[in-house]
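# Observations on chain architecture
Residue strings, one per chain:
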Amino acid sequence: MDSVFAAIAQAPEDPILGVTVAYNKDPSPIKLNLGVGAYRTEEGKPLVLNVVRKAEQFLVNDQSRVKEYLPILGLAEFNKLSAKLILGDGCAAIEENRVATAQCLSGTGSLRVGAEFLAKHYHQHTIYIPLPSWGNHLKVFTMAGLSVKTYRYYDPTTRGLNFQGLLEDLGAAPAGAMVLLHACAHNPTGVDPTLEQWEQIRQLIRSKGLLPFFDSAYQGFASGSLDADAQPVRMFVADGGECLVAQSYAKNMGLYGERVGALSIVCKAADVASRVESQLKLVIRPMYSNPPIHGASIAATILKNSDMYDEWKIELKAMADRIISMRKQLFDALSARGFT
């Protein structure tokens with residue numbers, strides 16, 4: 001008897017993760033994995049930060065820790081610390097209880113929870129993403145029931161930002177439409193607006209009544225500074241308007257496989273944030289019930305301990321500086337061989 005699934009076609013490999021599959025199968029001793037963006041040492045090995053090892057050991061040594069389920073929104077301490085990390089110390093929105101935060105499954109999960117929430121509770125169902133953007137953005141938002149359109153972003157002739165095209169496309173977007181913004185280290189181009197350009201983008205988005213949705217996958221990993229990489233987000237939050245922010249600790253803490261992330265929704269009033277939080281629970285409960293405890297506990301341990309936090313910033317800057325240096329070396333080597 002044939003399988004009831006016999007008619008199912010073989011799906012293609014994921015265009016990004018599939019490169020890693022091919023890499024693992026390749027017997028060549030001089031291969032390089034140019035697929036998923038994961039940091040590697042000089043020897044091409046994965047790196048676990050020293051401060052992550054310390055935090056993990058601290059958690060292992062704590063005999064009072066248990067493996068009980070977390071609440072639907074996750075580890076409360078982690079959520080509070082994550083909001084502070086991206087929105088800034090002394091953020092008025094946090095102090096006024098206008099931020100609803102949920103621990104999610106890294107950046108992808110944070111985006112998906114946010115998209116599902118918007119599909120259920122926001123009056124517009126169109127989201128504009130930059131052209132190009134991370135390959136998974138289209139799938140995440142489409143699967144959540146949103147309509148995805150693009151706005152001009154990268155100019156291949158200048159290898160820079162098509163700022164005029166960006167302003168024109170967002171200026172033509174219907175009032176209330178959602179806009180996905182890469183907080184820093186735009187994926188895949190690496191091209192970011194200047195702070196002056198960010199201010200013009202902010203003014204346009206607010207004047208049009210558009211809803212910004214930030215994807216912050218690389219805070220501290222782009223420039224080496226956690227505060228500098230969060231500046232675009234903080235500019236939008238400081239004006240009192242509303243926005244969504246998806247965070248990931250995959251890159252900046254090297255917690256790739258722990259799937260540690262957070263979604264923060266900044267609202268105009270505390271009572272609104274409370275209702276938003278209640279609805280986030282209804283989105284998450286049938287999706288995965290509640291998030292895992294281990295990775296979030298590692299992150300929270302580092303974020304709340306001043307010595308560990310300082311050590312993390314040093315290790316994070318070392319990774320960022322090495323990436324910047326390697327990129328320059330590659331550029332110089334290609335230029336020396338006549339490639340422009």
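Residues numbered from 1 in each chain as written. Predicted model: local features only at pLDDT ≥ 70, side-chain atom pairs only at ≥ 80, totals over all residues. Heavy atoms only, no water.

### Comments concerning the pattern of salt bridges
The tally for this structure, following the rule as stated, stands at 16 salt bridges. Put simply, Arg 152 and Asp 169 hold a salt bridge, and the shortest N to O gap is 2.9 Å. With Arg 152 in strand β3 (residues 147-152) and Asp 169 in helix α7 (residues 163-171), this residue pair connects regions lying 17 residues apart in the sequence. (Salt bridge = Lys/Arg side-chain N within 4 Å of Asp/Glu carboxyl O. Helix = DSSP H or I, 4+ residues; strand = E, 2+ residues; numbered from the N terminus.)

### Digging into the domain arrangement of the protein
Quoted interface sizes are often the accessible area lost when the parts come together. The domain boundaries assigned to the protein delineate domain 1 (12-47) and domain 2 (76-304). Distance between the C-alpha centres of domain 1 and domain 2: 28 Å. Taken together, the contact between domain 1 and domain 2 spans 6 residues of the former and 5 residues of the latter. In total, domain 1 and domain 2 occlude about 380 Å² of area from one another, counting both sides; carbon and sulfur atoms represent 54% of this. It is Ile 16, Gly 37 and Tyr 39 in domain 1 that bury the most area against domain 2; as a group they hold 63% of the surface buried on that side. Viewed at the interface, domain 2 and domain 1 are joined by 1 salt bridge. For the salt bridge of Asp 14 with Lys 139, the shortest nitrogen-to-oxygen distance reads 3.8 Å. (Domains from an automatic or database assignment. Contact = heavy atoms within 4.5 Å. Buried area = accessible area lost by both parts, 1.4 Å probe.)

### Notes on the packing of helix α3 (residues 76-87) against helix α9 (residues 226-238)
Running from N to C, α3 and α9 point in directions that differ by 90 degrees, and their axes come no closer than 7 Å. Relative to α9, the element α3 is oriented roughly perpendicular. Residues Lys 84, Leu 85, Ile 86 and Leu 87 of α3 touch α9, and the partners they reach there are Leu 226, Ala 230, Val 233, Arg 234 and Val 237. The class makeup of the residues in the contact of α3 with α9 is 7 nonpolar, no polar and 2 charged. (Axes fitted to C-alpha atoms, helices over the stretch in contact; angles between N-to-C directions. Parallel < 35°, antiparallel > 145°, perpendicular 65-115°, else oblique. Nonpolar A, V, L, I, M, F, W, Y, C, P; charged D, E, K, R; others polar.)

### Notes on the packing of aromatic side chains
In this structure the tally under the stated criterion is 7 aromatic pairs. Relative to Phe 213, the ring of Phe 141 has its centre 6.0 Å away and its plane inclined at 65 degrees; by these criteria the two rings are edge-to-face. One end of the pair, Phe 141, is in helix α6 (residues 135-143); the other, Phe 213, is in strand β7 (residues 211-216), and 72 residues separate them in sequence. Residues Phe 141 and Phe 213 agree in their burial class; the two are buried. Judged by centre distance (6.4 Å) and plane angle (85 degrees), the ring pair of Trp 198 and Phe 236 falls under edge-to-face. (Phe/Tyr/Trp six-rings, centres within 6.5 Å; stacked < 30°, edge-to-face > 60°. Buried < 20%, exposed > 50% of the residue type's maximum accessible area, 1.4 Å probe, protein only.)

### Focus on unusual backbone geometry
Following Leu 131, the chain continues into Pro 132 via a peptide bond in cis, with omega recorded as 0 degrees. If you trace the backbone, Pro 132 turns up in the loop between β2 (126-131) and α6. Between Asn 187 and the following residue, Pro 188, the backbone shows a cis peptide bond with an omega angle of 20 degrees. For Pro 188, the position within the fold is in the loop between β6 (178-182) and α8 (195-208).

### Details of a nonpolar patch on the surface
A cluster of nonpolar side chains, Val 4, Phe 5 and Ile 8, forms an exposed patch at the surface whose accessible area comes to about 380 Å². Relative to the elements of secondary structure, Val 4 occurs in the segment before α1 (17-25). (Patch = residues over 30% accessible without salt bridge, like charges linked within 9 Å, V, L, I, M, F, W, Y side chains within 5 Å. Areas by Shrake-Rupley, 256 points an atom, 1.4 Å probe, with all protein chains shown as cover.)

### Thoughts on helix α10 (residues 270-288)
Over its 19 residues, α10 extends 27 Å from the first C-alpha to the last, a length consistent with the 27 Å expected when each residue adds 1.5 Å. Those residues of α10 that fall on the buried side of the exposure criterion are Ala 273, Val 276, Leu 280, Val 283, Ile 284 and Tyr 288. Projection of α10 onto a plane perpendicular to its axis shows the buried side chains occupying an angular sector of 90 degrees, all on one side. Relative to its buried face, α10 has exposed residues pointing more than 90 degrees away, namely Leu 282 and Pro 286. (Expected span 1.5 Å × (residues − 1). Arc of directions from axis to C-beta.)

### Remarks on the state of the cysteines
Scanning the model with the defined rule gives 0 disulfides in all. Residue Cys 184 stays outside any disulfide, its sulfur separated by 15 Å from that of Cys 243, the closest cysteine. There is no disulfide at Cys 243, and the cysteine sulfur nearest it, in Cys 91, is 9.1 Å away. (Disulfide = S-S within 2.5 Å.)

### Some words on the UniProt feature "domain: Aminotransferase class I/classII large" (unreviewed entry) in the protein
Per the UniProt record, the feature "domain: Aminotransferase class I/classII large" (unreviewed entry) sits at residues 30-339. What you have in residues 30-339 is 48% helix and 15% strand, and the ends, taken at the C-alpha atoms, are 22 Å apart. (UniProt positions renumbered as here; feature names shortened; annotations may be inferred.)

### A word on the environment of Gly 18
Its location among the elements puts Gly 18 in helix α1. On the basis of relative accessibility, which here comes to 13%, the residue Gly 18 falls in the buried class.

### Points about the side chain of Glu 116
Relative accessible area serves as the criterion here: at 15%, Glu 116 is assigned to the buried category. Contact partners of Glu 116, with chain neighbours within four places excluded, come to Met 143, Ala 144, Val 283 and Met 287.

### Description of the sheet that holds β6
An order of β1-β9-β8-β7-β6-β2-β3 is seen for the 7 strands of this open sheet, with the pairing classed as mixed. Both edges of this open sheet fall to β1 (99-105) and β3, since each of them pairs with a single strand only. Taken over all neighbouring pairs, the strand axes of this sheet differ in orientation by 25 degrees on average, direction set aside. Here β7 runs beside strand β8 (residues 243-248); their pairing, made up of 4 bridges, is parallel. Across the sheet, residue Phe 213 finds its bridge partner in β8, namely Leu 244. (Pairing = 2+ DSSP bridges.)

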